[in-house]
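# Close look at the chain arrangement
Listed below, chain by chain, are the residues.
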Amino acid sequence: MNDHSPKPNFQKSFTQQEAIPDEGIRQAVEVLGTGKLHRYNTGEGETSEVALLEAEYANWQGSRYCLAVTSGGQAIQIALRAVGVRPGDKVLANAYTLAPVPGAIHAVGAEPVFVEIDDDWLTDLDDLRAKAESSGAKYLLLSHMRGHICDMDRVVGICDELGIKLIEDCAHTMGAKWRGTRSGNFGAVSCFSTQTYKHMNSGEGGLLTTDDAEIAARATIMSGSYMLYPRHGASPPAEAFEKVRLENPNCSARLDNLRAAILRAQLRLLDVNIQRWNERYQALEAGLADTPNIRVVLRNQAEFYVGSSFQFHLDAGAEQIMDFVARCLARGVEIKWFGAAEPAGFTSRYDSWKYFGELPELPKTLSVLATTCDIRVPLTFSLEDCVLIAQIIGEEAAQI
Ligand SMILES: *Cc1c(COP(=O)(O)O)cnc(C)c1O
């Protein structure tokens, strides 16, 4: 090549989300003006922002009950307790996930049984069955990690056959579907995060959904409802609480009205935003499709995903990948590599969760993660931005 013009660099931040919609800001300021930030600080006949959010989210998700809490991680902890996990119980979980997931298993005193993933970042269902049978675990905490949804028909089949309760972690699949059914509608209970980098942004926050009245009642009491549960927006009738109201500890994990107000406005935009994420994802996918050294995984047709992040394999050794990541970063493209031995930023591998003690080796997962690269796709990126990002990644990958 004779072209000595400098290669283009990317300028925007991979962690810059969009502003809160004006309507959300207005509503949040109104809440601030009343001083009534606590979800149970309501007058006669008044419904709190949190209760309204619960009703609206249950309706959008297509679940009978919804409980708003302080974080996705808290939603998972409460969900595990609400389905009956007790200290010492075994919980199956895919080994490729974010640290709050093993953190929640540890917090409830349970023992993780980590399951391998495959090249497409999906839970290996043969390994799931084998580990379920050998461990006798009666719970599966399934993370749809980075938005990849495995064959849910098979997952539900395995769970039914072996008497396993399914808890879905939908932190990356709010709005995604498998064969037309929304993620979060397959198991006993599901958890969502509204932390800044997810599909709705309240800084911190979480949602728990279920169709099971007893699970909903237990979760509500544990979220810290005191005996004020009739003020919830999508909770079961009083009878469901009679049985469980004194059996569950108050874990103080309530959402507040300020954050609920911010979320209600975003929920109205969620479907449009999902389309916007997918356009960006598809621009990256097209831009990287035939790139040397890069393997893009084609998504399963049964899966409707939300493309808020993009993964690819870089077929190279560790040194070369570190060099590639550094060269991309120098051109403004921030890539997370899941193969690193040491956790960095939000990224960690199961073998760094040392608080569990010695964990069995998962050679398949380690080999998949050894080449796994990941980028965030905030909606502040335009389609042209995504084309440029793919170009930079492609140019740097070609140097290997
Ligand atoms: C973010 C995340 C969570 C939990 O979210 P927080 O709201 O930050 O506690 C759980 N699982 C996965 C896969 C996540 O990415």
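The structure presented is a predicted model; accordingly, all values stated were derived computationally and were not measured.

Okay, the overall build of the protein next. A count of helical and extended segments in the protein gives 13 helices and 14 strands. In summary, the protein has a C-alpha radius of gyration of 22 Å against a globular reference of 21 Å for 400 residues, a match within 12%. By principal-axis analysis of the C-alpha atoms, the protein measures approximately 75 × 55 × 35 Å. The buried share of the protein, reckoned over its 400 residues, is 55%. When the accessible area of the protein is evaluated, it comes to approximately 16,600 Å², of which 51% is carbon and sulfur surface. Computing the positive centroid from 38 side-chain charges and the negative centroid from 52, the protein places the two 4 Å apart.

As a further point, take the site of the ligand. Taken together, 16 residues sit near the ligand, with G72, D169, H172, S193 and K198 positioned nearest. One of the backbone N or O atoms of G73 is found 2.7 Å from an oxygen atom in the ligand. Contact distances for the ligand include 3.0 Å between an oxygen atom and a side-chain N or O atom of K198. When the free accessible area of the ligand is taken as 380 Å², the share hidden by the protein chains comes to 94%. Residue assignment for the shell around the ligand shows that the elements contributing at least two residues are helix 3 (72-82) and helix 4 (100-107). Broken down by element, the residue count for the shell around the ligand peaks at three residues, all from helix 3. In terms of residue class, the shell around the ligand is made up of six nonpolar, eight polar and two charged.

Our next topic: the side chain of R218. Considering the arrangement of structural elements, one finds R218 in helix 7 (residues 213-224). Classification of R218 as buried rests on a relative accessible area of 12%. Once residues lying within four places of it in the same chain are set aside, the contact partners of R218 are A82, V244, E247 and N248.

By size, the foremost hydrophobic cluster in this structure holds 45 residues, and its most contacted members are Y57, L92, L140, M152, V155 and L207. Going through the elements one at a time, helix 2 (49-61), strand 1 (65-69), strand 3 (111-115), helix 5 (125-135), strand 4 (139-143), helix 6 (152-162), helix 9 (257-267) and helix 10 (270-288) are the ones with two or more residues in this core. Of the residues that make up this core, three or more belong to each of domain 1 (22-267) and domain 2 (270-397). Leave out the neighbours within four places in its chain, and M152 touches L142, H144, L166, E168, W178 and F186. Core analysis: the next-biggest nonpolar cluster, separate from the first, contains 34 residues, V69, V85, V101 and I105 among them.

Our next topic: the domain arrangement of the protein. When cut into domains, the protein gives domain 1 (22-267) and domain 2 (270-397). Between the C-alpha centres of domain 1 and domain 2 the distance comes to 26 Å. Between domain 1 and domain 2, the residue contacts involve 41 residues of the former and 35 residues of the latter. Taken together, the two surfaces of domain 1 and domain 2 that pack against each other cover about 3,300 Å², and 61% of this comes from carbon and sulfur. Of all residues in domain 1, the largest losses of buried area upon contact with domain 2 belong to W121, R146 and H199, amounting jointly to 20% of the total for that side. Where domain 1 meets domain 2, there are three salt bridges.

Take N257: it is sitting in helix 9. A polar contact of 3.0 Å, which involves the side chain of N257, links it to the backbone oxygen of K36. Aside from chain neighbours lying at most four places away, what touches N257 is V31, K36, L37, H38, R39, S48, E49 and V50.

The next subject is unusual backbone geometry. Its identity as a non-glycine residue notwithstanding, W121 has a phi of 65°, on the positive side. One can find W121 in the loop between strand 3 and helix 5. Positive phi outside glycine occurs at N293, with the angle close to 75°. Here N293 shows up in the loop between helix 10 and strand 10 (294-295).

The rules we used
- Residues numbered from 1 in each chain as written.
- Predicted model: local features only at pLDDT ≥ 70, side-chain atom pairs only at ≥ 80, totals over all residues.
- Heavy atoms only, no water.
- Helix = DSSP H or I, 4+ residues; strand = E, 2+ residues; numbered from the N terminus.
- Rg over C-alpha atoms; globule rule 2.2 N^0.38 Å.
- Buried < 20%, exposed > 50% of the residue type's maximum accessible area, 1.4 Å probe, protein only.
- Areas by Shrake-Rupley, 256 points an atom, 1.4 Å probe, with all protein chains shown as cover.
- Lys, Arg positive; Asp, Glu negative; His and termini not counted.
- Charge placed at Lys NZ, Arg CZ, Asp CG, Glu CD.
- Near = heavy atom within 4 Å.
- Polar contact = N/O pair within 3.5 Å; in protein donor to acceptor, adjacent residues only side chain to side chain.
- Nonpolar A, V, L, I, M, F, W, Y, C, P; charged D, E, K, R; others polar.
- Contact = heavy atoms within 4.5 Å.
- Core = buried A, V, L, I, M, F, W, Y, C linked by side-chain atoms within 4.5 Å.
- Domains from an automatic or database assignment.
- Buried area = accessible area lost by both parts, 1.4 Å probe.
- Salt bridge = Lys/Arg side-chain N within 4 Å of Asp/Glu carboxyl O.

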